[in-house]
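Residue-level listing of the chains:
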Amino acid sequence: MDSSRIALVTGANQGLGRALAEGLAARMGPDDLVLLTGRDHRRVSDAAREVAQLPGTRSHVQGRVLDVTDTDAIAKLADELRTRHGGVDVVISNAVARILPDESQAERADEVIDVSNTATHAFLRSYGPVLRPGGRLIVVASSLGTLGHLDPRLHHLFDGASLDQVEYAVESWRSAIHNKTAQEAGWPRWLNVPSKVAQVAAVRAVAAERREHDLADNTLIASVCPGMVDTATSRPWFSDFSQAQSPSEAARAVLDLVFAEQVDPALYGELIRFGKALPWHGGTPPTEQDQLVRP
């Protein structure tokens, strides 16, 4: 079996994903491999070459084209890594669909759901089984991913749900958007809220099934909130960026979690922000952003 470590980052052409790939390449060993992925071949190739040439880079860096909306491609790459390397050691699912406040939420719903949710489900299903002992499978979400940010009428769809049930809830939400019944059912207009809650719920579902075995192997499955990051994706949504981090600053806490020697059982399966678990039932429905969006 291949003794080198293998890391995979999605959405790694720019912003936080690029910073995560840079950090992995700097902190992993000379025999290790970081796969920097994205949808556009030229941007992926350019980013991989640039990261490989950074002064602090220690590991090998390769660019791989991966469209996270293609669940077959996700599964195929996972199988390739299992066959060639015996599995994977670090997976960071970070892809995001950029949407602006003046764009119609309903018109962009399929893209947002496919990138953030369908892809998350596929990564959990495909990479959980090939994650080597001591591995890290991290889904980048948001502090909006706690249950309290949703209308109480929707809590039962995600609280204690299995991955299949989370997937069903997401597809029900998608259908309600298309049928124009989402708002009356309690779904917020701002897609980011149910999308993030569903991401965290999916991680919790898989982690609940694997907890005992993973903790015995020092393996971590979790979702993370990197905090407010100053990127083109987030800037249109918030009026105060005085506390925003650069992508490199935001990547640091995520990477510290990845490279921690021992998994903290209190963090396993949770939504983690700056090294602490956020309460799953915490949060209140956001109003400022919901008022900004177009239905």
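Just above, that's the structure.
Rules used in this analysis
- Residues numbered from 1 in each chain as written.
- Predicted model: local features only at pLDDT ≥ 70, side-chain atom pairs only at ≥ 80, totals over all residues.
- Heavy atoms only, no water.
- Helix = DSSP H or I, 4+ residues; strand = E, 2+ residues; numbered from the N terminus.
- Rg over C-alpha atoms; globule rule 2.2 N^0.38 Å.
- Buried < 20%, exposed > 50% of the residue type's maximum accessible area, 1.4 Å probe, protein only.
- Contact = heavy atoms within 4.5 Å.
- Areas by Shrake-Rupley, 256 points an atom, 1.4 Å probe, with all protein chains shown as cover.
- Lys, Arg positive; Asp, Glu negative; His and termini not counted.
- Charge placed at Lys NZ, Arg CZ, Asp CG, Glu CD.
- Core = buried A, V, L, I, M, F, W, Y, C linked by side-chain atoms within 4.5 Å.
- Pairing = 2+ DSSP bridges.
- Expected span 1.5 Å × (residues − 1).
- Axes fitted to C-alpha atoms, helices over the stretch in contact; angles between N-to-C directions.
- Phe/Tyr/Trp six-rings, centres within 6.5 Å; stacked < 30°, edge-to-face > 60°.
- Salt bridge = Lys/Arg side-chain N within 4 Å of Asp/Glu carboxyl O.
- Arc of directions from axis to C-beta.
- Polar contact = N/O pair within 3.5 Å; in protein donor to acceptor, adjacent residues only side chain to side chain.

A. Region of interest: the overall build of the protein. If you tally the helices and strands in the protein, you get nine helices and eight strands. Expected size for 295 residues packed as a compact globule is a radius of gyration near 19 Å; at 18 Å, the protein falls within 12% of this value. Along the three orthogonal principal directions, the C-alpha set of the protein runs to about 55 × 40 × 35 Å. The 295 residues of the protein split such that 52% are buried. When contacts within the protein are restricted to residue pairs at least 6 apart in sequence, those whose partners lie at least 24 apart make up 79%. In the structure as shown, the protein presents an accessible area of about 13300 Å², 48% of it carried by carbon and sulfur atoms. Across the protein, the 30 positively charged side chains and the 38 negatively charged ones have centroids separated by 3 Å.

B. Just unusual backbone geometry, in detail. A positive phi is found at Lys180, a non-glycine position, where the angle reads about 60°. As for its position among the elements, Lys180 is in the loop between α5 (163-178) and α6 (182-185). You will see that Asn218, though not glycine, has its phi angle at about 60°, which is positive. Relative to the helices and strands, Asn218 resides in the loop between α7 (192-216) and β6 (220-225).

C. Representation of the nonpolar core in the model. In this structure, Leu20, Leu24, Ile92, Tyr127 and Phe158 are the most contacted members of the largest nonpolar core, which totals 96 residues. Sorting elements by how many residues they give to this core places α7 first, with 10 residues. In contact with Ile92, other than residues within four places in its own chain, are Leu8, Val9, Thr10, Leu20, Leu24, Ile138, Val140 and Val258.

D. Here's a closer look at the pairing of strand β3 (residues 60-65). In this sheet, β3 lies alongside strand β2 (residues 33-38) in parallel orientation, the contact comprising six bridges. Of the residues in β3, the one forming a bridge with Gly38 is Val65.

E. Layout of α5. Helix length check: α5, at 16 residues, gives a terminal C-alpha distance of 23 Å against a target of 22 Å (1.5 Å per residue), a fit within 8%. If you follow the buried residues of α5, they end up packed against α4 (105-127), α6 and α7. Looking one or two residues beyond α5, the residue adopting positive phi is Lys180, at roughly 60°.

F. The arrangement of the sheet that holds strand β4 (residues 88-93) in detail. Sheet architecture is open: eight strands sit in the order β3-β2-β1-β4-β5-β6-β7-β8, paired in mixed fashion. Every other strand in the sheet has two partners, leaving β3 and β8 (276-277) as the edge strands with one partner each. Of the pairings in the sheet, the one linking β4 to strand β5 (residues 131-140) comprises five bridges and is parallel in character. Among the inter-strand pairings, Ile92 is bridged to a residue of β5, identified as Ile138. Those strands touched by helix α2 (residues 41-52) are β2 and β3, and its axis lies near 175° from that of β3.

G. The arrangement of the packing of aromatic side chains in detail. Overall, the coordinates contain three aromatic pairs when judged by the stated rule. An aromatic cluster is defined as three or more aromatic residues linked by ring pairs; in this entry it consists of Phe158, Trp173 and Trp187.

H. Representation of the side chain of Thr37. Checked against the element boundaries, Thr37 lands in strand β2. Sequence-distant contacts of Thr37, that is, excluding residues within four places in its chain, are made with Leu8, Val9, Thr10, Gly11, Ala12, Asn13, Val44, Arg64 and Leu66.

I. Looking closely at the pattern of salt bridges. One pass over the structure, following the stated rule, counts 20 salt bridges. Between Arg108 and Glu111 there is a salt bridge, with its nearest N and O atoms 3.0 Å apart. Of this pair, Arg108 and Glu111 both sit in helix α4, three residues apart, which is roughly one turn of the helix. Among the residues examined, Arg108 registers a relative accessible area of 15% and is labelled buried.

J. Just α2, in detail. Over its 12 residues, α2 runs 16 Å from end to end, which matches the ideal 16 Å to within 8%, given 1.5 Å per residue. Of all the residues in α2, the buried ones are Val44, Ala47, Ala48 and Val51. Looking straight down α2, one finds that the buried residues subtend no more than 100° of arc, so they occupy a single side. Buried-residue contacts for α2 involve α1 (15-27), β2 and β3. Between the side-chain oxygen of the N-cap and the backbone nitrogen of Arg42 there are 3.2 Å, and the N-cap of α2 in question is Asp40.

K. Quick look at the side chain of Ser59. With respect to the helices and strands, the residue Ser59 is situated in the loop between α2 and β3. Classification of Ser59 as buried rests on a relative accessible area of 8%. Not counting chain neighbours up to four residues away, the residues in contact with Ser59 comprise Leu24, Ala25, Met28, Gly29, Pro30, Asp32 and Val34.

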